Amino acid sequence: KPLLPIGPPSAAATLPAGEHAAGGGGSAGGGGSGGGADVCVALRVAGMMCGGCRAKAEHALAAVPAVSRASVDLRSCRAVCYGGSTLQPQALLGALERLGLRGHVLGGGGEGG
C-alpha cells in the first residue's frame, strides 16, 4: 500500500478527506459508501527512533476508534489519520503517549498546551 502524502505543518488540523492543504485532492484509497464526513488529522510525533517505532505508532493510531486509515512517516516525524466525524485528536495523542511518544496536532487550533 502506498504511503499517503503528508501536508506542510501549516495545514489545517482537520480537513475533509480528499482535500489536502497542498491542493489537488486525490484519494489514495477506495471510496466508502457514505456514513459521515471523513476527516483528516495531522500530527507531529516526537520520540520515534527507528522503523519499529514508526510501525508501532502507525498500528496504535489505526486502532483508535473512528480511524479508518493511519500513516506515519519516520523521516518527517508526522502522522496522518483519516476517519469519521467522531475522530478525536485527543484519542490519537493518548495512543501515542501509551507508546512513550509525544504527539502534537498540526494546524490551526491549539488544544494541547
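What counts, and where the lines are drawn
- Residues numbered from 1 in each chain as written.
- Predicted model: local features only at pLDDT ≥ 70, side-chain atom pairs only at ≥ 80, totals over all residues.
- Heavy atoms only, no water.
- Helix = DSSP H or I, 4+ residues; strand = E, 2+ residues; numbered from the N terminus.
- Buried < 20%, exposed > 50% of the residue type's maximum accessible area, 1.4 Å probe, protein only.
- Contact = heavy atoms within 4.5 Å.
- Areas by Shrake-Rupley, 256 points an atom, 1.4 Å probe, with all protein chains shown as cover.
- Salt bridge = Lys/Arg side-chain N within 4 Å of Asp/Glu carboxyl O.
- Expected span 1.5 Å × (residues − 1).
- Arc of directions from axis to C-beta.

Novice: What is the right way to read the overall build of the protein chain from this model?
Specialist: Within the protein chain one finds 2 helices and 5 strands. Across the 113 residues of the protein chain, 30% fall into the buried class. Sequence separation of at least 24 residues holds for 65% of the intrachain contacts in the protein chain that already meet a minimum separation of 6. Accessible area of the protein chain: about 6,600 Å², with a carbon and sulfur share of 52%.

Novice: It is not clear to me how the pattern of salt bridges should be interpreted in this structure. Could you clarify?
Specialist: Where charged atoms from two side chains of opposite charge come close, those side chains can pair. Applying the stated criterion to the full structure yields 1 salt bridge. Close ionic contact of R54 with E58 constitutes a salt bridge, the shortest N to O distance being 2.9 Å. With R54 and E58 both in helix α1 (residues 51-62), this residue pair falls 4 residues apart, about one helical turn. Residue class for R54 comes out partly exposed when judged on its relative accessible area of 24%.

Novice: Before we go on, may I ask you to explain α1 in this structure?
Specialist: Side chains that are three or four residues apart share a direction in an α-helix, a result of its 3.6 residues per turn. The end-to-end C-alpha distance of α1 is 16 Å, a good match for the 16 Å that 12 residues give at a rise of 1.5 Å each. What α1 keeps buried is the set A57, A60 and L61. Summarising the axial view, the buried residues of α1 lie within an arc of 95°, below the 170-degree limit, and thus occupy one face. Check the buried side of α1 and you find it contacts β2 (39-46), β3 (67-73), β4 (78-83) and α2 (89-98).

Novice: Teacher, can you tell me more about α2 here?
Specialist: Within α2, burial applies to P89, L92, L93, A95 and L96. Angular distribution of buried residues about the axis of α2 spans 155°; they occupy a single face of the element. Those residues of α2 that are exposed and angled more than 90 degrees off the buried face are E97 and R98. Of the surrounding secondary structure, the elements contacted by the buried residues of α2 are β2, α1, β3, β4 and β5 (102-105).

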